[in-house]
Amino acid sequence: MDFEDLQTFVEVAEAGGVSPAARRLGVAKSIVSRRLLRLEAELGTQLLARTTRGAALTEAGSTFREYAARICVEMDMARDAIFPSGELRGLLRIAAPPTFGITHLAPILAEFAQRHPQLQVHTRYSDRFVDIVAEGFDCAIRVGYLADSNLIARRIAPLNGRLVASPSYIAQHGAPETPQQLTAHEALMQGTESWRFIDGEKTITVHPQGRFKADNGIAIVSAALAGLGIAALPDFLIDEYLRSGALIQVMAGYPAPEGGIYVVRPSAQHPARKIRVLIDFLIERLG
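Counting of residues starts from 1 at the beginning of each chain's written sequence and follows it residue by residue. Thresholds applied to this predicted model are a pLDDT of at least 70 for local features of residues and 80 or more for the giving and counting of side-chain atom pairs; totals over whole chains, interfaces and linings are not thresholded and use all residues. Calculated side-chain values reflect all of the structure's heavy atoms, with hydrogen atoms and water omitted.

Draft legend 1. Up close: the overall build of the chain. The way it works is that DSSP assigns letters per residue, a run of H or I at least four long becomes a helix, a run of E at least two long becomes a strand, and they are numbered from the N terminus. Broken down by element type, the chain carries nine helices and 14 strands. Structurally, the chain occupies a C-alpha span of about 70 × 45 × 30 Å along its principal axes. The rule is simple: take the accessible area with a 1.4 Å probe, protein chains only, and divide by the maximum for that residue type; under 20% is buried, over 50% is exposed, in between is partly exposed. Relative to its full complement of 287 residues, the chain shows a buried share of 41%. Considering only contacts within the chain whose residues lie at least 6 apart along the sequence, 72% involve residues at least 24 apart. Note on areas: these come from Shrake-Rupley sampling with a 1.4 Å probe, and a residue is covered only by the protein chains present in the view. Looking at the chain as shown, the accessible area adds up to about 15000 Å², and 51% of this sits on carbon and sulfur atoms. In this tally, Asp and Glu contribute negative charge and Lys and Arg positive charge; neither His nor the terminal groups of the chain are included. Charged side chains are reduced to one point each, which is NZ for Lys, CZ for Arg, CG for Asp and CD for Glu. For the chain, the distance from the average site of its 30 positive side-chain charges to the average site of its 31 negative ones is 5 Å. Residue contacts are defined here by distance: any two heavy atoms, one from each residue, within 4.5 Å place the two residues in contact.

So this is what it looks like as structure tokens:
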């Protein structure tokens, strides 16, 4: 089985079709198709169902994709072990949130790619929760509070947030002074999350309610500016509005626990050198 064929299959599965995969790999579509056919012949099963919209994974392809992605990661790690101080090479796949990623991470990752010209850096900016193991990512950058998982996380920078509302909302509904009073207010949320606050040595958890929800922080900012409710948002999204007075901090006596910016990766025993170098670079720029 040709390793290049495996890499090509992972690219097609990730890109959703032969044409976008060929562009990412920098080769002709005919070469990608030939590699896929060769791999399917080697395995004796169809991995991709060709459609008018591109290519969809068959059941066998979905199963094989996870193993193929692991093999590609292990091969990158093997290269790093042989050439521990050489130029970074191969492919680095990163998943990142768009709200923080596009404004703050994108310039840093561009500089990282400039420093390592032999390394392919592919970043997916998405608000949905990305399963980095199943989808073949090397790592993900996550912001806020981490849920328990089997992934290994490295905190690269602190992240603080606060409750805010517009002057018009406060004029009409008043401002809560304690966490318990939040239940009487409209909360702007990304889902069914709970909000936590520090009260001396205790942590208070509140389950807010509200009619406006969005899966993107910038959309929540817009709703807060429109006077729709109270939002819990990170400082990097609201600093300029606090300075201008367009938003006002509420319940300042009950700060939220400090969050963080994290790099998470699969729980392999030894992380690939490209991930270690990326983490050090992010700490240098953000920490």
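Draft legend 2. The packing of helix α1 (residues 3–15) against helix α2 (residues 18–25), seen in detail. Lines fitted to the C-alpha atoms define the axes, with helices restricted to the stretch that makes contact. Angles between their N-to-C directions range from 0 to 180 degrees. Between α1 and α2, whose axes approach to 8 Å, the crossing angle comes to 120 degrees. The angle between the axes of α1 and α2 places the two elements in the oblique class. The interaxial crossing formed by α1 with α2 has right-handed handedness. Of the residues in α2, those touching α1 at Thr8, Glu11, Val12, Glu14 and Ala15 are Val18, Pro20, Ala21, Arg24 and Leu25. Looking at the contact of α1 with α2 residue by residue, the class counts come to six nonpolar, one polar and three charged. Geometric relationships in this document are graded by angle, where less than 35 degrees denotes roughly parallel, more than 145 denotes roughly antiparallel, 65 to 115 denotes roughly perpendicular, and other angles denote oblique. The sense of a crossing depends on the near helix, which, turned anticlockwise from the far helix by less than a right angle, makes the crossing left-handed and, turned clockwise, makes it right-handed. Gly counts as polar in this scheme, as do all residues outside two lists: the nonpolar Ala, Val, Leu, Ile, Met, Phe, Trp, Tyr, Cys and Pro, and the charged Asp, Glu, Lys and Arg.

Draft legend 3. How the structure looks around helix α4 (residues 59–82). Here the expected span of a helix is defined as 1.5 Å times the quantity of residues minus one. Taking 1.5 Å per residue, 24 residues should reach 34 Å; α4 reaches 36 Å between its end C-alpha atoms and fits that length. Bending is quantified residue by residue as the angle between axes fitted to the seven-residue window ending at that residue and the seven-residue window starting at it. Of all the bends in α4, the largest measures some 30 degrees and sits at Arg65.

Draft legend 4. Unusual backbone geometry, seen in detail. A positive phi angle, near 55 degrees, is found at Met251, a position not held by glycine. Its location among the elements puts Met251 in the loop between β13 (248–249) and β14 (259–265).

Draft legend 5. Expanded view of the pattern of salt bridges. Salt bridges are counted wherever a side-chain nitrogen of Lys or Arg sits within 4 Å of a carboxyl oxygen of Asp or Glu. For the structure shown, the criterion picks out 11 salt bridges. Between Glu111 and Arg285 there is a salt bridge whose closest N-O contact spans 2.4 Å. On the criterion of sequence distance, the pair formed by Glu111 in helix α5 (residues 98–115) and Arg285 in helix α9 (residues 273–286) is long-range, its members being 174 residues apart. Judged by relative accessible area, which is 26%, Glu111 ranks as partly exposed. Put simply, Arg162 and Asp235 hold a salt bridge, and the shortest N to O gap is 3.0 Å. With Arg162 in strand β7 (residues 161–165) and Asp235 in helix α8 (residues 235–244), this pair connects stretches of sequence that are 73 residues apart.

Draft legend 6. Highlighting α5. Along α5, the helix axis deviates most sharply at Leu105, where the bend reaches about 55 degrees; the proline Pro107 sits within four residues downstream. Taken together, the buried positions of α5 are Pro98, Thr99, Phe100, Gly101, Leu105, Ile108, Leu109 and Phe112.

Draft legend 7. Examining the packing of α1 against α4 more closely. Running from N to C, α1 and α4 point in directions that differ by 125 degrees, and their axes come no closer than 9 Å. Classified by the interaxial angle, the pair formed by α1 and α4 is oblique. Between α1 and α4 the crossing geometry is left-handed. Counted together, Phe3, Leu6, Gln7, Phe9, Val10, Ala13 and Glu14 of α1 and Gly61, Phe64, Arg65, Ala68, Ala69, Ile71, Cys72, Met75 and Arg79 of α4 form the full contact between these two elements.

Draft legend 8. Spatial organisation of the side chain of Glu40. As for its placement among the helices and strands, Glu40 is situated in helix α3 (residues 29–43). If sequence neighbours within four positions are ignored, Glu40 has contacts with Thr45, Gln46, Leu47, Leu48 and Arg50.

Draft legend 9. Examining the pairing of β14 more closely. The buried fraction of β14 is high, at seven of seven residues. Neither face of β14 is exposed, since Gly259, Ile261, Val263 and Arg265 on one face and Gly260, Tyr262 and Val264 on the opposite face are all buried. Here strand β5 (residues 139–144) pairs with β14 via five bridges, running antiparallel. Paired with Ile141 across the two strands is Val263, which belongs to β14. Any two strands between which DSSP finds at least two bridges are classified as paired. Direction of pairing for strand β6 (residues 152–159) relative to β14: antiparallel, over a ladder of seven bridges. Bridge pairing links Leu159 to Gly259 in β14.

Any functional reading would require information that these geometric values do not contain.
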